[in-house]
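Residue strings, one per chain:
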Amino acid sequence: MNAAMNTRNRGAAITGLGVIAPNGVGTDAFWKATREGIPCLDRITREGSEHFPVRIGGQVRGFDPGSMIEERFLVQTDRFTHFAMASADLALDDAKLPVDDMSPFAVGVVTASGSGGGGFGQSELQQLYSKGPRYVGPYQSIAWFYAASTGQVSIRNGFKGPCGVVTNDEAGGLDALAHARRSIRRGADAMVAGASEASLAPYSIVCMLGWDELSRARDAGRAYLPFTEDACGFAPGEGGAMLVVEEEGAARRRGVRIRGFIAGYGSTFTGPSRWERSREGLAQAIRVALEDARCAPEEIDMVFADALGVPEADRAEALAIADALGPHGTRVPVTAPKTGFGRVHCAAPTLDVVAAVLAMEHRVVPPTPYVTDVCHELDLVTRSSRPAEPRTALVLSRGLMGCNAALVLRGPEGDY
C-alpha cells in the first residue's frame, strides 16, 4: 500500500517543450500561429507528390536540419527523425535539464511514429532497383524503422534510461506521454517523450491512399472541416513535438519552471473505422483518464478534440464527450488547432498537448481554423481565441485502426 502510494506521488511534471510544426518552427512561432488561428494548409509540393489524389496538406517550411543536427546523424536518418531530434533539443533547452550532472541511466526516451522513415526508404529502394544492391547505403536497415528516433535521440544525448517506441496509430502520441509518466513513477528522473512524422514523401502518401478518411479536397479552405456539414476527411501533415517530463520533486528542487502535469490517461480499442463504436470507446477512455487524474468531469476547462473530419466520427466524438462529461460536455470549450496545419498522425496529439500547456499559461483557448458553422452540440471555439482561465485540459486522439486515447493535463498550480 505504502509502496503504491509512493509510486503515485512521483508526479510527472512537464518542464520542457519543443516543436517543429507546419505553422511554426519553435514553440514561440507555433504558439503565435496557433493562438491567432493562422492557417497554413496548402498544396503539397514535395517532389514526386504533386499529382496524387491527395493535394492539400501541412508541410514544414523554414526548417534547416543541418543547422541543428550534426552531419553524421543527418546521413543516418530520415526527415521524421530530424523532426524528433530537433524538437528534443528545443525541449531540453527549454527544460534546462542538467544532463551532465545526472546519471545517464536516470533519463530515458520514448517516441511514437505511424509512418516511419518512408522518404529514406524510398530513396534507397530506388537505388536498389535502378543501380543494384551495392548502391544501397548501410543505414537503410535502421533509418526507416519506427524506433529510429528514440535510438538517435538517446544515442546523441547519452541517455541510457528506460527507452521505448510506440506505434499505436494516431493515438501513439498520447501513449508515448503516458509511457513517460509510467517510467517516472517507476523511478526515472526524466523522460524525453513525444512523436514525429514525415508522411508527405511519395511512398508514404501512396500508403495512405487506401484510407477513406483522407481528404481529397483541392481547396485548402475546404480540405479539413471537422464538426461541420462540409466535413470530407482530414488533411495530412508532418512535423513533431517533444516534451521533457520530469519527476516533480526533482524539478522543484532545482527550481525550474513547471509548465504542467500529466495527470491522467486512458485508452481503449474499438476496431478499424468503426466510428459509431468509437463513441463508447472514447467515452470510456475519457472516464478512465478522469479517474486516474482524480478529476471530476466539471473540472475539465477545455477539450482538444481528435477532430477526424469524417461525419460519423465527428458525431461519435461529440457524443462521447457528452457521455463522459455529462451536461458539462456541451458547455466546455472544445478546440482543434490541427485543422490549420493538418493531422500529423502520431504527432497530432503531442502538438495538442503542447498547445494545451501553452493555452493554460496564456489563459486562452485557441481557435479551430477554417471552421465556422458547427453542426454538432459542441461549444467549438472558432474564428479567434477565447479568453479563459483553463487549469485542466483534456486531449483526445483516435487512430484509424480503432485506438482511442485520452490524456488529462493540469496547469502548474493544479494538483496532479
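This is a predicted model, so every value here is computed, not measured.

Thresholds applied
- Residues numbered from 1 in each chain as written.
- Predicted model: local features only at pLDDT ≥ 70, side-chain atom pairs only at ≥ 80, totals over all residues.
- Heavy atoms only, no water.
- Helix = DSSP H or I, 4+ residues; strand = E, 2+ residues; numbered from the N terminus.
- Buried < 20%, exposed > 50% of the residue type's maximum accessible area, 1.4 Å probe, protein only.
- Contact = heavy atoms within 4.5 Å.
- Areas by Shrake-Rupley, 256 points an atom, 1.4 Å probe, with all protein chains shown as cover.
- Lys, Arg positive; Asp, Glu negative; His and termini not counted.
- Charge placed at Lys NZ, Arg CZ, Asp CG, Glu CD.
- Pairing = 2+ DSSP bridges.
- Phe/Tyr/Trp six-rings, centres within 6.5 Å; stacked < 30°, edge-to-face > 60°.
- Lys NZ or Arg CZ within 6 Å of the ring centre and 35° of its normal.
- pLDDT = per-residue confidence, 0-100.
- Axes fitted to C-alpha atoms, helices over the stretch in contact; angles between N-to-C directions.
- Left-handed = near helix turned anticlockwise from the far one by under 90°.
- Nonpolar A, V, L, I, M, F, W, Y, C, P; charged D, E, K, R; others polar.
- Salt bridge = Lys/Arg side-chain N within 4 Å of Asp/Glu carboxyl O.

Caption draft 1: A look at the overall build of the protein. Looking only at helices and strands, the protein has 13 helices and 16 strands in total. Along the first, second and third principal axes, the C-alpha set of the protein runs to 65 × 55 × 35 Å. The burial tally for the protein puts 61% of its 416 residues in the buried class. Long-range pairs, those at least 24 residues apart, make up 78% of the contacts in the protein between residues at least 6 apart in sequence. When the accessible surface of the protein is totalled, it reaches about 16100 Å², and 50% of it is carbon and sulfur. If the 42 positive side-chain charges of the protein are averaged to one point and the 49 negative ones to another, these points end up 2 Å apart.

Caption draft 2: Up close: the pairing of strand β9 (residues 260-269). For β9, a buried count of seven out of 10 residues is recorded, marking the element as mostly surrounded by other parts of the structure. Bridging between strand β1 (residues 12-21) and β9 involves two bridges; their strand directions are antiparallel. Its bridge partner lying in β9, I14 is registered against G260. Where β9 lies against strand β16 (residues 403-410), eight bridges are found, and the strand directions are antiparallel. Each bridged residue has a counterpart across the sheet, and for G264 the counterpart in β16 is V408.

Caption draft 3: Up close: the packing of aromatic side chains. Inspection of the entire model under this criterion finds six aromatic pairs. Aromatic side chains F63 and F83 sit 5.5 Å apart centroid to centroid with 40° between the ring planes, which places their arrangement in the tilted category. Placement of F63 in the loop between β4 (56-57) and α3 (71-74) and of F83 in helix α4 (residues 79-95) is noted, with a sequence separation of 20 residues between them. Taken together, a centroid distance of 6.4 Å and an interplanar angle of 75° make the contact between W144 and Y146 edge-to-face. You can call W144 partly exposed: its relative accessible area is 37%. One aromatic cluster is present, formed by W144, F145 and Y146 through successive ring pairs. The lysine or arginine in question, R156, covers the ring of F73, its NZ or CZ lying 5.9 Å from the ring centre. Across from the ring centre of F234, 5.6 Å away, lies the NZ or CZ of R343, which sits over that ring.

Caption draft 4: The arrangement of the confidence of the model for the protein in detail. Within the protein, residue pLDDT values average 94, and 97% of them lie at 70 or more. A low-confidence stretch, residues 1-5 (pLDDT under 50), is modelled with zero contacts involving residues beyond four sequence positions or located in other chains.

Caption draft 5: Main features of the packing of helix α11 (residues 275-293) against helix α12 (residues 311-325). Relative orientation of the contacting elements α11 and α12 amounts to 35°, with a least axis distance of 8 Å. Relative to α12, α11 is oriented so that their crossing is right-handed. Contacts from W275, S278, R279, L282, A283, I286, R287 and L290 of α11 reach α12 at E312, A313, A316, E317, L319, A320, I321, D323, A324 and L325. Tallied by class, residues from the contact of α11 with α12 come to 12 nonpolar, one polar and five charged.

Caption draft 6: Fine view of the side chain of D169. Mapping D169 onto the fold places it in the loop between β6 (164-166) and α8 (172-185). Nearest to the buried, unbridged D169 among oppositely charged side chains is R343, at 7.2 Å. Once residues lying within four places of it in the same chain are set aside, the contact partners of D169 are C346, G399, L400, M401 and G402.

Caption draft 7: Broad picture of the pattern of salt bridges. Tallied over the entire structure, the rule returns 21 salt bridges. E238 is paired through a salt bridge with R79; the nearest N and O atoms lie 3.1 Å apart. Taken together, the residues span a long stretch of sequence, with E238 in the loop between α9 (202-208) and β8 (239-247) and R79 in helix α4 at a distance of 159 residues. Between K338 and D352 there is a salt bridge, and its shortest N-O distance comes to 2.8 Å. Of this pair, K338 sits in the loop between β11 (333-335) and α13 (347-362) while D352 sits in helix α13, and the two are 14 residues apart along the sequence. For the pair K338 and D352, one class covers both residues: buried. The structure contains a network of salt bridges with shared partners spanning E170, D306, E317, R343 and R398.

Caption draft 8: Representation of unusual backbone geometry in the model. In this model, F227 sits at a positive phi of 65°, which is unusual for a non-glycine residue. Overall, the relative accessible area of 0% leaves F227 in the buried class. For A307, which is not a glycine, the phi torsion comes out positive at approximately 55°. The topology assignment puts A307 in the loop between β10 (302-304) and α12.

Caption draft 9: Local environment of the pairing of strand β15 (residues 392-398). Within β15, seven of the seven residues are buried, which leaves the element mostly enclosed by the surrounding structure. The pairing of β10 with β15 spans three bridges and is parallel. Paired with F304 across the strands is V395, a residue of β15. Summarising the sheet, β15 and β16 pair through seven bridges and their orientation is antiparallel. Looking at β16, one finds that R398 is bridged to N404. In textbook terms, the turn of a hairpin is the stretch between consecutive antiparallel strands, and for β15 and β16 this stretch comprises four residues, one of which, G402, has a positive phi near 110°.

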